[in-house]
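# Summary of the model geometry
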Amino acid sequence: MKRSIFTILALILVASISFAQELEIVVEPENPTMKVGQSLKLTSKVVDGSGNEVDGRRIAYYSFARRSVSVDSTGMLKAIAPGEYKVIVVSPSEDGKYIRKDLVVNIAFPPIAKVVVEDVPEKIYAGTTFPLQVKVLDEMDMVRDNVAVKMTSSDTDVAQTDAFLNIQAGSPGTATITTTSEGISSDIKIKVVANPVKKLDLATNMEQARTGDVFHFKTSAYDEGGCLVDDAPVVYTFSGVADDVSSSASGLIKNDGRFVADEAGVYTITATSGPFAARKTVKILPRNVKRKIEKVGHGSVNTKHTSDFWIWEGVDGKDYGVTGTWGADGTAYFWDVTDPSNITKIDSV
């Protein structure tokens, strides 16, 4: 008899849980598509497994990108910026549990209005490569970096183009460069002249440094008579061999001649201008910065994983910290860390 009672109670419990799990939020429209500036009202309700509306359920709306798509307490959406964004619909219950529905709001981009080529040079030296700066604007005057841009040349003997918006200057002459994006085009004239450069001289402020130190390379270009060509375009590259063979000789060089190496080793810097090049090799030593770390104290959250950790000075002059648990239940813990040997948990949310 007891066994039968327990069985009935278990079935009732399972049925209750199943009923709770069958509840869901129905939203219309489910994944709306909008235009910038448009408003749209969401209609939401909680239904059971049979599709019947459940009375008395509250609905709340949240947008994680409020500067792009906003939503108020009534479910009124407003499209602010183009893109694809998530809006969350939640219905809490009195026992602290809730059900959730995620929507994807797609805000369409306005059509392309114009293509602008900036800083067009008066001339390009033959044999050099010049990167064009192209800006694509839509009807709302927003810069669009998510559209394809194609560039063509009216005379490939004078100037060729590539997929990265570079002009490769060939024989002296004039060519029309056409830049197109989504059917909107812009034309510019490019003049290629004979390259006067015959020699490059590469100099640096030092020949040996540590990892992280910045070299300053300077390239001077000269014509056949030894006169300085001060407008010759120069491109910098580097290659290297790290002392630790298991590491790559990585680093960074900017087009103004600044170079920094990540790993100890030997690096060769190359400056090119058209068909001419100059090289210089430098030695990079390890920085060897070491310091022992001493553990002074800790604040413990041992029931779940901790995520970020932020420290700041409060208006009262004390030091405070906050730790997150986004990989667990989302609780944020606040700490008084003024005395690192006595870290105290003061609040949570």
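Preceding this section is the structure that the text describes.
Every residue gets a number counted from 1 within its own chain, in the order that chain's sequence is written. In keeping with the model being predicted, local features are shown solely for residues with a pLDDT of at least 70 and side-chain atom pairs are shown and tallied solely at 80 or more, while totals for entire chains, interfaces and linings include all residues. Side-chain descriptors were evaluated using all non-hydrogen atoms of the structure, hydrogens and water having been removed beforehand.

### Looking at the overall build of the protein chain
Stated precisely, the cut-off is as follows: Helix and strand definitions here come from DSSP, where helices need a minimum of 4 consecutive H or I residues and strands a minimum of 2 consecutive E residues; each element is numbered from the N-terminal end. Any residue under 20% of the maximum accessible area for its type is buried, any over 50% is exposed, and the rest in between are partly exposed; the area is computed with a 1.4 Å probe on protein chains only. Contacts: residue pairs with any heavy atoms within 4.5 Å of one another. Reported accessibility uses the Shrake-Rupley method at a 1.4 Å probe radius. Residues are deemed covered only where the shown protein chains occlude them.
Secondary structure assignment for the protein chain yields one helix and 30 strands. Over its C-alpha atoms, taken along the principal directions, the protein chain stretches across nearly 110 × 60 × 45 Å. A burial count over the protein chain gives 32% of its 349 residues as buried. Counted over contacts in the protein chain with a minimum sequence separation of 6, partners at least 24 positions apart contribute 46%. Surface summary for the protein chain: the accessible area is close to 22,200 Å², and the carbon and sulfur share equals 51%.

### Quick look at the nonpolar core
Soluble globular proteins tend to pack their nonpolar side chains together in the buried interior. For the record, the criterion: What we call a nonpolar core is a set of buried Ala, Val, Leu, Ile, Met, Phe, Trp, Tyr and Cys residues that are connected through their side-chain atoms within 4.5 Å.
Counting residues in each nonpolar core, the largest one holds 24 residues, and the members touching the most others are Phe215, Phe217, Tyr236, Phe259, Tyr267 and Val282. When residues of this core are traced back to their parent elements, those giving at least two are strand 19 (199–204), strand 21 (214–222), strand 22 (235–242), strand 24 (258–261), strand 25 (265–273) and strand 26 (276–285). Ignoring anything within four residues of it in the chain, the contact list for tyrosine 236 reads Leu202, Phe217, Lys218, Thr219, Ile253, Lys254, Asn255, Asp256, Gly257, Ile269, Thr270 and Ala271.

### A word on the layout of surface pockets
For clarity, the threshold we go by: Detection works on a 1 Å grid of protein atoms alone, calling trapped sets that fit a 1.4 Å probe cavities and calling open sets with protein on both sides within 12 Å along at least five of seven lines pockets, with lining residues defined by an atom within 4 Å of a point. Grid points are joined across faces, edges and corners, and a volume is the space filled by probe spheres set on the points. Residue polarity follows a fixed list, in which Ala, Val, Leu, Ile, Met, Phe, Trp, Tyr, Cys and Pro are nonpolar, Asp, Glu, Lys and Arg are charged, and the others, Gly among them, are polar.
Estimated volume of the largest pocket: approximately 290 Å³. Val296, Gly297, His298, Gly299, Val301, Thr306, Phe309, Thr323, Trp335, Val337, Pro340 and Ile343 together form the lining of the largest pocket. Along the lines of polarity and charge, the residues of the lining of the largest pocket split into seven nonpolar, five polar and no charged.

### Remarks on the packing of aromatic side chains
Rules: Only rings of Phe, Tyr and Trp enter the pairing, Trp through its six-membered ring, and a pair is recorded when the two centres are within 6.5 Å. The plane angle decides the type: under 30 degrees is stacked, over 60 is edge-to-face, the rest tilted.
Going through the model one piece at a time under the given rule, you end up with six aromatic pairs. With centroids separated by 6.2 Å and ring planes inclined at 45°, the aromatic side chains of phenylalanine 238 and tyrosine 267 adopt a geometry described as tilted. Placement of the pair is phenylalanine 238 in strand 22 and tyrosine 267 in strand 25, with a sequence separation of 29 residues. Residue classification places phenylalanine 238 among the partly exposed residues on the basis of a relative accessible area of 26%. Pairwise contacts between aromatic rings join Phe215, Phe217, Phe238, Phe259 and Tyr267 into one cluster.

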